[in-house]
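In case you want the letters, here they are:
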Amino acid sequence: MSDKRVKVKKEPKVKKRKTNRLFTRDQLFIFIILLVIIAAVVVGSILLGKNNKNNNENNNQNQNNQEQNNNNENNNNTLIDMENKENVEIKDGEKINNSQKLKEEKQFAGMKVKEINLYTRAEGMTDFNATVENTSGKDFKSQKILIKFFNKDGSEYAILKAYLGDVKTGATAKIDASTTADVSNAYNFEILEDKD
């Protein structure tokens, strides 16, 4: 046998070039994603901080406006006109309504409204109270009511919102309502269902 040797050509070794890269492609991708997330968090917190600041400023402004309105309302409505003696008698610094028309028994939802009192306390509050007797033959379910006051000529004097609780058939309940407005000079009233 012949001894022939086959020479295999070796491919020259290619030297890999070293690059001066800080990151590999994957590391660079992760780094960019982290930068985007950090930027989003920073921008979001700045916007949220501004939004909270605006909300706090708006809340403070609303609270200041409400306090100012309450102060104005108290200054305007708690002034009791002791000079207006129409339909009232003044006793111990209080205005007590003495209109016979106002004190007459009224009807509301088939029930009797009686023992009616309307007076203004020295503290600047007007109180309305009455007894309601359920003579309608059916139970009354609680609801909001309007107490509409009238002048002697029939014109509307004021409206007071109130609440009447459940009244079983044959039972009685009280209406107690107060306002800072001086409505004690009313001549008459009626009770209506508050549909709001």
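Residues numbered from 1 in each chain as written. Predicted model: local features only at pLDDT ≥ 70, side-chain atom pairs only at ≥ 80, totals over all residues. Heavy atoms only, no water.

Caption draft 1: Inspection of the pattern of salt bridges at higher detail. Considering all chains together, one arrives at eight salt bridges under this definition. Ionic pairing is found between Lys148 and Glu156, a salt bridge with its closest N-O pair at 3.6 Å. With a closest N to O distance of 3.8 Å, Lys161 and Asp194 form a salt bridge. Placement of Lys161 in strand β7 (residues 156-164) and of Asp194 in the segment after β9 (188-193) is noted, with a sequence separation of 33 residues between them. Classification of Lys161 as exposed rests on a relative accessible area of 53%. Salt bridges here are not isolated pairs; linked through shared partners, they connect Arg121, Glu123 and Asp127. (Salt bridge = Lys/Arg side-chain N within 4 Å of Asp/Glu carboxyl O. Helix = DSSP H or I, 4+ residues; strand = E, 2+ residues; numbered from the N terminus. Buried < 20%, exposed > 50% of the residue type's maximum accessible area, 1.4 Å probe, protein only.)

Caption draft 2: Structural detail: the environment of Thr169. Topologically, Thr169 is positioned in the loop between β7 and β8 (172-179). Assessed through its relative accessible area of 42%, Thr169 is described here as partly exposed. Sequence spacing of Thr169 and Asn134 is 35 residues, and the spatial spacing of their C-alpha atoms is 5.3 Å. Setting aside chain neighbours within four positions, we find Thr169 in contact with Asn134, Gly137, Lys138 and Asp139. (Contact = heavy atoms within 4.5 Å.)

Caption draft 3: Fine view of the nonpolar core. Judged by nonpolar contacts, the single largest core of 25 residues is most densely connected at Phe128, Ile147, Phe149, Leu164 and Phe189. Secondary structure elements with two or more residues in this core: β4 (111-120), β5 (126-133), β6 (143-150), β7, β8 and β9. Aside from chain neighbours lying at most four places away, what touches Phe128 is Ile116, Asn117, Leu118, Ile147, Phe149, Leu160, Ile175, Asp176, Ala177 and Phe189. (Core = buried A, V, L, I, M, F, W, Y, C linked by side-chain atoms within 4.5 Å.)

Caption draft 4: Spotlight on the sheet that holds β7. Spatial ordering of the open sheet is given by β7-β6-β9, a layout of three strands whose pairing is antiparallel. The open sheet terminates on both sides in strands that have one partner only, identified here as β7 and β9. Strand-to-strand twist in this sheet, taken as the mean axis angle between neighbours without regard to direction, amounts to 25°. (Pairing = 2+ DSSP bridges. Axes fitted to C-alpha atoms, helices over the stretch in contact; angles between N-to-C directions.)

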